[in-house]
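Tertiary structure, described
Next come the chains, spelled out residue by residue.
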Amino acid sequence: MIILGFESSCDETGVAAVCTERGLLAHALHSQIAMHREYGGVVPELASRDHIRRVLPLTTEVLQKANLSFDDIGAVAYTAGPGLAGALLVGASVAQSFAWARGLPAIAIHHLEGHLLSPLLASPRPQFPFIALLVSGGHTQLMRVNAVGDYELLGETLDDAAGEAFDKTAKLLGLDYPGGPELSRLAQTGNSAGYDLPRPKLHSHDLDFSFSGLKTAVLTRLRQLEREPGGLTPQQRADLAAATEAAIVDVLAAKAIKALKQTGLSRLVVAGGVGANRRLREKLSQALAARHGQVFFPPLDLCTDNGAMIAFAGALRVKAGLVDLSDTGHAFTVKPRWDLQDVCRPGVHP
Ligand code: ATP
Ligand code: MG
Ligand code: FE
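Residue numbers run consecutively from 1 along every chain, following the written order of its sequence. Written order determines the labels here, with chains lettered from A and ligands numbered from 1. Only residues with pLDDT of at least 70 are given local features in this predicted model, and only at 80 or more are side-chain atom pairs given and counted; all residues enter the totals for whole chains, interfaces and linings.

**Notes on the site of ligand 1**
For each residue, a C-beta atom is placed from the backbone, and the residue counts as near a molecule or strand when that atom lies within 6 Å of it. Near ligand 1 there are 23 residues, and of these G137, G138, G163, G180 and G273 occur at the shortest range. Any residue outside Ala, Val, Leu, Ile, Met, Phe, Trp, Tyr, Cys, Pro, Asp, Glu, Lys and Arg is labelled polar, Gly included; the first ten of those are nonpolar and the last four are charged. In the shell around ligand 1, the residues fall into six nonpolar, 15 polar and two charged. Domain limits in this description derive from either an automatic procedure or a database domain assignment. Residues from two domains meet in the shell around ligand 1; each of domain 1 (2–116 + 303–343) and domain 2 (129–297) gives at least three.

**Observations regarding the sheet that holds strand β7 (residues 140–147)**
Reading across from one edge, β8-β7-β6-β9-β10 is the order of the five strands in this open sheet, with mixed pairing throughout. Because the sheet does not close on itself, it has two edges, and the strands there are β8 (150–156) and β10 (294–296). Pairs of neighbouring strands in the sheet enclose a mean axial angle of 25°, with direction left out of account. Across three bridges, the pairing between strand β9 (residues 267–271) and β10 is parallel. Following the sheet pairing, R267 is matched in β10 by Q294. C-beta atoms are placed from the backbone for every residue, and two residues are taken to be in contact when these atoms lie within 7 Å. The axes are straight lines fitted to the C-alpha atoms, using for helices just the contacting stretch, and the angles between their N-to-C directions are given from 0 to 180°. Under the DSSP-based scheme used, a helix requires at least four consecutive residues in state H or I and a strand at least two consecutive residues in state E, with every element numbered from the N terminus. Where helix α8 (residues 234–263) meets the sheet, it contacts β6 (130–135), β7, β8 and β9, and its direction lies at approximately 155° from that of β6. The pairing criterion is simple: DSSP has to find at least two bridges between the two strands.

**Notes on the sheet that holds strand β1 (residues 2–7)**
The mixed open sheet is built from five strands, whose spatial order is β3-β2-β1-β4-β5. Of all strands in the sheet, those with a lone pairing partner are β3 (23–31) and β5 (106–110), marking the two edges. Between one strand axis and the next, the sheet turns through 20° on average, direction left out of account. As judged from the eight bridges shared by strand β2 (residues 12–19) and β3, these two strands associate in the antiparallel manner. Bridge pairing links A16 to H27 in β3. Lying over the sheet, helix α2 (residues 44–65) contacts β1, β2 and β3, oriented at roughly 25° with respect to β2. Sitting on the sheet, helix α3 (residues 85–102) touches β1, β4 (73–81) and β5, and the angle it makes with β4 is about 155°.

**Notes on the UniProt feature "binding site: Fe cation" (unreviewed entry) in the protein chain**
UniProt positions are given in the numbering used here, feature names are shortened, and annotations may be inferred rather than shown by experiment. UniProt's feature table lists "binding site: Fe cation" (unreviewed entry) at H111, H115 and D305, given in the numbering used throughout. Look at the named residues: they lie 195 residues apart in sequence, but the longest C-alpha span between them is just 8.8 Å, so in the fold they bunch up. One can find H115 in helix α4 (residues 111–117). The exposure class assigned to H115 is buried, which follows from the 28 C-beta atoms found within 10 Å. With C-beta atoms placed from the backbone, a residue counts as buried when 20 or more other C-beta atoms lie within 10 Å of its own, as exposed when 12 or fewer do, and as partly exposed for counts between those limits.

Here it is, written out as structure tokens:
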């Protein structure tokens, strides 16, 4: 069966076609980053309007790339939450209208389930069960993933997400939105040992994170350096970027390893935008090699938001028998706030 998937939860419009047997057939993506950059962050109303402009041309592009016609589509999947309400409504209404017009089932997908399962789009493909480190712009969570629809939350951030920590410190350093990739680029020319930044909760016994103190520490350092004669030098700025990246990566890696130790599992899967970070990839690859474990990342272009992971999550749910394909009712709602536990199989981790 071919699933047509739509993602519009934030500032990327993504459309994709995934076959339950053959995997990803085609995907197309439009990022609104350039549009939001001058405001230093995502403007919800502009995001919704742009999703409306992009979604149909992207759909045509996907069908053309995969050489498909509307008749080939067996079901539709869309991000129903969490995310920006207006933005979510665009993907949800297009998906539901399409499904209604063709008499097809429409599958509401949890955005984080999309991120979580996206490393399964790569090869080699991780076997269940595994530990997932989900590090995106809005979430930082460690999960035990036993099967599709069987997710157990082990720990999460108590305040800022890792991506948010990257973005906020990058902003302090005068870098463009979204700061994660920019900060990471600047860090390559810096010395991470130049400044000793805190690694919050590094040695705590739980699997939770806390990143808000880091940004305050960076701000304090920055103000000190700016007050010195001559002000902040480019090298100091690069060193601060490198030290920030090292602090975030150290905590993420340490907690991911702790989760593996606690559960006795040997496979780690990293998902979400911060999973594109080179230092994190290197550090985890080394740590897992030393433990004779395996680490899996999504393909680089599928780390941040995209339609492929949503269509793919739809396909996996169909294959796992979690979708009622006879349900072609089209009343729908979006869920700007939505707990991932709510999409678990009945009876799993209440
Ligand atoms: P959520 O999925 O929680 O709703 P989101 O969809 O906005 O949030 P993603 O698209 O998964 O999040 O990821 C975006 C985040 O990833 C941003 O915070 C961005 O700065 C960060 N990011 C992207 N590339 C890198 C990188 N190379 N290094 C560090 N951070 C990065
Ligand atoms: Mg985004
Ligand atoms: Fe996301």
